[in-house]
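Inside the fold
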Amino acid sequence: MANVLLTEKCVRSCPYCFAKEYMTNSSVEEILKWEDLIYIADLFESSNEKHISLLGGEPSLHPNFTEFILYLLKRNFHVNVFTSGIMSEKILLKAKENLRTIDPEQLSFVCNINNPKDSLKNEFQKVKKFLKVFNKQTSTSFNIYKSDFDLNFLIDIIKEYQLKPHIRLGLAHPIPGANNFFLKINEFKVFAKRLMSFFNNLENNEISIGLDCGFVMCIFSDTQLGKLFKLTNNRLGFSCGPAIDFGPDMSVWSCFPLSNIHKKSIYDFNSLKEIYDFYFNMNKEIRGDKIGILKKCSSCSFNKRNLCAGGCTAHLVDIKNFIV
Amino acid sequence: MTTIIFKAIEKCIANCVYCEVIKRKQNIVMSYELLEIIFDRINEFLEANPQENIDFTWHGGEITMLGVDYFNKVLEIQEKCCKNTKIRIKHLAQSNLLKISQEIIDVFNKLGITSIGSSYDPISNIRGLGKNRNSLKYNTLFFHGIELLNKNKIPFGIINVVHKKQLENPLSIYYFLSNMVDNFAFNKVYFFSEDRYGLNVTQEEYADFLGAIFPIWLKQRDRYHVRPFESFYDIIIKNKGDLVCENAGLCAYRWLYIGPEGNTSHCGRSGDNEMLSYGNIKKRKLNDILHDTQRSQIEKRQDVLISTECKGCRFWGLCHGGCMIDAYDIHHDFIHKSPNCEWLKIFIEKYFEPILNVKLDLTSDKEYTNLMRCTTNKNKIICE
Amino acid sequence: MDKYIIVSPYSTTVIDKFRERQFVILVNDFDNINEILECVNRNNFLVSIQVNLNSSLSSIDFNEKWDNVPLRIVVSDLGDYLTFHKKIDLIRKLNILFYFPINKIDNFLNIQILSSLGINCGFIISDGQLLDWGKLSELLYYYMYSKSKHSIIEPFDYIIQNNNKNDIFNNFVDYNNVYFNDPDYYIHIDSEQNISLSFENSKRNIFLDIGIDNIDSAKETKQYKNIIEDRHKHFIINHPCSYCPGWRICLGKFSYCLRSSNGCIEFFTELFNSKYILNNIL
């Protein structure tokens, strides 16, 4: 599933933001045009891809946010929106009137929620309003950028608002050439232990988790992996590959951490497969001889068997070697 | 098959700059008596030669100036003289269309004329009416004629004579013609007499004119039938197709010109320029004219040229030494190649071969299969 | 040729005068849609009802009872997308082609949205309008090269279908046909039973001197001959249009634009050559 940025504007400024570097380098005024949305939808359709993820910035800041979603749904896409849930009354009302009753199989939201302790009060109030309206369509997402993170607050929110019982866990990665917060390699073991400390609470509340790209298998013990197997509903994976993001200016790149490298125009490609193949090969080229982010990756049999990619490619980039 | 270029009239309503016929200023119209003699001669020839057919090409002057009654008379005479052979006479017509009418079209239909050849020039005052060659009037009448042909579903083709004033923008000429009609031809202007208006073009200029158009035509070749491109393309690429008379090398015993007073010659060009007289049809049988001893010299021309002036020429199969009338104009002797082979060579070498990535080897008459397909390497042609 | 198709306002008097004729009925509202269908099809055949509106598409109250009615609806623009969106499912069930005037720049996008949603549409060029040829080219590129299936956009569809034919007697494409304004196929009868060969003639009171019982003789009239001769006028006077590679499609309709821009040449040449592009001949 590829991602389409509707806008580069955002209402927050998260310290870990994997998109921050990209956003800083772009014109925040850029928004996706109708004609370009149609072009992207055509490209997806002709590539037999029926899923589109919309993100930003904060996608709901796009003036045609609701219209774009409805348009894509009418073209039989399954639309997944990554949002902070922070939106004005007006935008929320418009979205509510037009999107609330849509089958969650067709339209889903992934609400990225920061710990309220780290957020402004006003922000969290807005998130709550969003969750109240779109609870049936919404699952949560949490980005980990430090090892002493907390998930219990999220479990409470899921319960309180009767959200989809699922948490997408993202790992903040280094952005080559930038200075963002991210989880260092030497913190991985601590992180793993911390994650597993929420196991009982998650399991008791029947909340599943999904690991986003860049996790490494060997930071978990076999016992932890067994628990994770349960928590992820049998969908445990340790991958790193092109996510494919489309910018509002019709540029395309592999994923946010690698957005500085080999950014291309969508018009350079004829299908999503061409794009995927291009960035898959680029990732291979970046990795070169380095199999993974840990020394032991080079002799890892799980890596050889493609069960673990050996962490995020962004850790391996020597920025000087690549065109920014 | 024998082709008769039949000029019952040399008079014309138009006054085209490059026309050789109107310079003769002959106002004679062929008499009905002479028509009857001619159709008798044709009948006699066809009865004696059951394998033969005749293409009877009405040429002028302007044939529509003969009027409907004249053609009705022709029908009557043909019916009378060629009762059993008329089915082997195919009438064809060349007209400037200025005076074509529904009545003329109806009588043409009765004669079995199913298509018409015509001429046009997009440049003003080249073809025109009156002393000043008023092309506005000419064009108005011409397009009225075209509309009549369209209405009657009669196909027509256009000959465009390429002259100096057309060289500036060849593609414009091509687009103009292709906007009008699907079937047209480019012919190089040729003056047997004085070029009073400086309209002549060199061999290279004509080749470059064609070369500018050729790549565009190539893309549109399924839509437009354009000579000489189509015949070259068919022969060289498709290994089939026909050449025009001047390049086919086959005219020795197949062509005949009959003028308004019954005078005969080899073809339209020789007749118009009073070369090669075969005598008057009133006094000679058609078979005798078609086997006039002078024709053996034309036949011999092919054998001589291929072993002399055209020896080893890789374009022989496309040109056959060209039109003998051109050769006569220069050398006062038919046994020479036409100077017009030059544009053909230039066009093929400079445009046709590089664009289509082929190299010709048509040094003899069995050679169409000798064509080599080539590969291009840094703009050089490398033949396998 | 087949008999003329009659283009007329809704008039039972006119319709009932004919038998087994094809009709295009012109109206300005939806009040009598099903009644018109019934009336025409009683003894004749309804080709289409053209509804000329001055309002947005989104403001139309579509009716599922129109499902058997071929409709052409001329709208001013799309209007509110969210309102339109609620009507898409019903529109898709109906037999409608929407026309948008492209003197409004937003309508280029509206056409693209509709086409991509599987709704037939087209554009209308006003008389004497100075066109944005760049915008029109973008729409053409979308129509021709879009990676995904979409609905027709008129007159592109008509032009491309007919540009492929090899008819030596009819070797041009008059796209006015899609607007029921082609004197070879359509004849116009107004409410007072005046007969004309085009909307323009009807508006300017240029009527044929033939009776309503005699409409098929229209091609013998001076007006018809004038129209046909007009097609040649550019050649006769050596107008630059006659040298244009795109003439067979535009037929000189935009000669008035040449003073300000050559955009029409590029656009119609592209359209003319689409045959070769679409067939990968180039």
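These figures come from a predicted structure and were not determined experimentally. (Residues numbered from 1 in each chain as written. Chains lettered and ligands numbered in written order. Predicted model: local features only at pLDDT ≥ 70, side-chain atom pairs only at ≥ 80, totals over all residues. Heavy atoms only, no water.)

1. Focus: unusual backbone geometry
Here A:Gly56 and A:Gly57 are connected by a cis peptide whose omega angle stands at 20 degrees. Topologically, A:Gly57 is positioned in the loop between β2 (51-55) and α3 (65-74). Cis geometry marks the peptide bond from B:Gly60 to B:Gly61, where omega comes out at 10 degrees. Along the chain, B:Gly61 turns up in the loop between β2 (54-58) and α2 (68-81). Phi at B:Asn357 takes a positive value of approximately 60 degrees, unusual for a residue other than glycine. One can find B:Asn357 in the loop between α14 (341-356) and β11 (358-359). Backbone geometry places C:Gln193, a non-glycine residue, at a positive phi of 65 degrees. Relative accessible area serves as the criterion here: at 26%, C:Gln193 is assigned to the partly exposed category. (Helix = DSSP H or I, 4+ residues; strand = E, 2+ residues; numbered from the N terminus. Buried < 20%, exposed > 50% of the residue type's maximum accessible area, 1.4 Å probe, protein only.)

2. Description of the domain arrangement of chain C
Residue and element names in this part refer to chain C. Here the domain parsing of chain C yields domain 1 (5-161) and domain 2 (168-281). If you average the C-alpha positions of domain 1 and of domain 2, the two centres end up 21 Å apart. Summed over both sides, the interface between domain 1 and domain 2 buries roughly 3,100 Å², with carbon and sulfur atoms accounting for 71% of that surface. Summed over the three residues of domain 1 that lose the most area to domain 2, namely Trp133, Tyr158 and Ile159, the buried surface amounts to 22% of that side. Connecting domain 1 to domain 2 are 1 salt bridge. Across the pair Arg21 and Asp216 runs a salt bridge whose closest N-O atoms are separated by 2.3 Å. Scanning the region where domain 1 abuts domain 2 turns up 11 residue pairs in polar contact (both at pLDDT 80 or more). Counting residues per element, the side of domain 1 that touches domain 2 draws most heavily on helix α5 (residues 133-145), which supplies 7 residues. (Domains from an automatic or database assignment. Buried area = accessible area lost by both parts, 1.4 Å probe. Salt bridge = Lys/Arg side-chain N within 4 Å of Asp/Glu carboxyl O. Polar contact = N/O pair within 3.5 Å; in protein donor to acceptor, adjacent residues only side chain to side chain.)

3. A closer look at the interface of chain A and chain C
Residue-level contacts link 18 residues of chain A with 18 residues of chain C. Of the roughly 1,600 Å² buried where chain A meets chain C, counting both sides, 61% is carbon and sulfur surface. The largest per-residue losses of area from chain A upon contact with chain C belong to A:Glu35, A:Asp42 and A:Lys74, which jointly make up 36% of the total buried on that side. Remark: the boundary between chain A and chain C carries 2 salt bridges. Between A:Glu35 and C:Lys135 there is a salt bridge, and its shortest N-O distance comes to 4.0 Å. Taken together, the links from chain A to chain C amount to 6 residue pairs in polar contact (both at pLDDT 80 or more). Elements represented by at least two residues in the side of chain A that touches chain C include exactly α2 (34-46), α3 and α4 (89-99) of chain A. Of the residues forming the side of chain A that touches chain C, the biggest block, 8 residues, is contributed by α2(A). (Contact = heavy atoms within 4.5 Å.)

4. Focus: the interface of chain B and chain C
Each partner contributes residues to the interface: chain B has 30 residues there, and chain C has 27 residues. Between chain B and chain C, roughly 2,500 Å² of surface is buried when both sides are summed, and carbon and sulfur atoms account for 53% of that area. Counting the surface chain B buries against chain C, the share from its top three residues, B:Phe176, B:Asn179 and B:Arg223, is 28%. If you look at where chain B meets chain C, you find 1 salt bridge. C:Arg248 is the partner of B:Asp182 in a salt bridge, and the nearest nitrogen-oxygen pair spans 2.7 Å. Put simply, chain B and chain C have 12 residue pairs in polar contact (both at pLDDT 80 or more) between them. Those elements that place two or more of their residues in the side of chain B that touches chain C are α4 (135-151) and α5 (170-180) of chain B. Counting residues per element, the side of chain B that touches chain C draws most heavily on α4(B), which supplies 9 residues.

5. Examining the sheet that holds strand β7 (residues 153-154) of chain C
All names here are of chain C. The strand order across the open sheet built from 9 strands is β7-β6-β5-β4-β3-β2-β1-β8-β9, with neighbouring strands paired in mixed fashion. Of all the strands in the sheet, just β7 and β9 (195-196) have a single pairing partner and so form its edges. Against the sheet, helix α4 (residues 106-116) engages β5 (96-101), β6 (121-124) and β7, with an angle of about 165 degrees to β5. (Pairing = 2+ DSSP bridges. Axes fitted to C-alpha atoms, helices over the stretch in contact; angles between N-to-C directions.)

6. Some points on the environment of A:Asn122
Within the fold, A:Asn122 resides in helix α5 (residues 121-134). Sequence separation of A:Asn122 and A:Ile86 is 36 residues, and the distance between their C-alpha atoms is 9.4 Å.

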